[in-house]
Structures are given as C-alpha cells and as structure tokens.
Amino acid sequence: MSRCPLATAYPADPTAPSPETLAYSLTLPAALASPKLARAATRAFLAAHDLHRMMDAGLQAVSELTAVACQFTEWVEFYLALRYRAEALRVIVYDSHPPHANPRLAEECATRRRAALRVLACVCRACDGDWGFGKAREPAGGTRMWATLPRAGATAYGREDVGGGNG
C-alpha cells in the first residue's frame, strides 16, 4: 500500500528483461568521452536483454552515431535512444544542428555528415540494415540520425562465413 493516499499503486514489473522490452533513452553531454559512455551503457543494455549476439554491430552503430552527434551538435548535450522492435535494433540520435535554409550550405553539410557516417553505412550494409539522417521532428528541431540493424544481419556481422572460404 502506498503511503500517499492519492497515489495509484502500480507494482514493478517482475518480468526479466527480454529483447522486446529493450527501450532506453539517454541524454549525454556533447563531450569526447560520451561515445565511450554510450558504448558502455549499450553493452550493458544489450547483455541484460539477451541480445549479446548483436553486440558488435550495435556497439559500432552507437559509436558512429554518438561521435558524429558530438561533432555536429550546437548544444551542450545530445540524445540517444535504443529500441528493439520488429526483430531489429533501432539506434536513434538527435543533435541540435539545425537544417540550413540555403540549399548549397544544406548540401555541403549533408555531404560532411554522410562522410562522417561512412563506417555506419558499411555496418548497416553488412547487416542488411538501413541508416539515414534528416530534420528532427521534435519541437527543439535539430537533426535526427538513425540506424536499423535486423537481428539476423547484426548477429552475423563480423563473423566469417562458416560455409565458404578456401578450405
């Protein structure tokens, strides 16, 4: 029973974490140490939700997206979200860099961001996943970057082909 007579009693869910319950959001400082902190948190989250086999691809995606957010954000912080939905790990990062009104500047900025995310593009391609960036739909604006890593592709990421090879 709650000590507060107005509070509704909602017992904590005793169910152990599972892939389907992976849903975390973090606000991180736009600092050089933040990608390392984001990787450590992601490692703990994936392990707790029994997604160990997606670890390599997931950590690489988080690393790339958070490092770029630190470079581009104009605020002192950025936002990271991790979700597991429809058999895929979804990594989303919001930074405060606004879209440019001038088309030439907008294209130059997009080119720089694509170049900074080229390793992420390779990871997503290897996992049969997807990635991108665009204007954030949040009230504060800025840019939304994301990667979607299907479980099958992310599980196979970085492992040698068992059936192929030279012998």
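All figures in this text were calculated on a predicted structure; none of them were measured in a lab.

Asker: Requested: an account of the pattern of salt bridges, with residues and values cited.
Answerer: According to the stated counting rule, one finds 4 salt bridges in the structure shown. With a closest N to O distance of 2.6 Å, Glu-108 and Arg-104 form a salt bridge. Here Glu-108 and its partner Arg-104 are both found in helix 3 (residues 103–116), 4 residues apart, which amounts to about one turn of the helix. Taking the shortest distance from any N to any O, the salt bridge between Glu-107 and Arg-114 comes out at 2.8 Å. For Glu-107, a relative accessible area of 43% puts it in the partly exposed group. By sharing partners, the salt bridges in this structure join Arg-104, Glu-108 and Arg-112 into a single network.

Asker: Lay out the pairing of strand 2 (residues 77–85) in plain terms, naming residues and giving numbers.
Answerer: For a regular strand, side chains alternate in direction, first toward one face of the sheet and then toward the other. As defined by bridge partners, strand 1 (residues 23–29) adjoins strand 2 across 7 bridges and the pair is classed as antiparallel. From the neighbouring strand, Ser-25 faces strand 2, where its bridge partner is Ala-81. Pairing of strand 2 with strand 3 (residues 88–95), which is carried by 7 bridges, proceeds in the antiparallel orientation. Bridged to Ala-81 within strand 3 is Ile-92. Hairpin connection, strand 2 to strand 3: the antiparallel pair is bridged by 2 residues, and Ala-86 has positive phi, about 50 degrees.

Thresholds applied
- Positions within a chain are numbered from 1, following the residues in the order the chain's sequence is written.
- Only residues with pLDDT of at least 70 are given local features in this predicted model, and only at 80 or more are side-chain atom pairs given and counted; all residues enter the totals for whole chains, interfaces and linings.
- Neither water nor hydrogens contribute to the side-chain values; these are computed over all heavy atoms in the structure.
- Here a salt bridge means any side-chain nitrogen of Lys or Arg lying within 4 Å of a carboxyl oxygen belonging to Asp or Glu.
- Strands are runs of DSSP state E lasting at least 2 residues, helices are runs of H or I lasting at least 4, and numbering of each runs from the N terminus.
- To sort residues, take the accessible area from a 1.4 Å probe on protein chains only and compare it with the maximum for the residue type: under 20% means buried, over 50% means exposed, and anything in between is partly exposed.
- A pair of strands is labelled paired if DSSP reports no fewer than 2 bridges between them.

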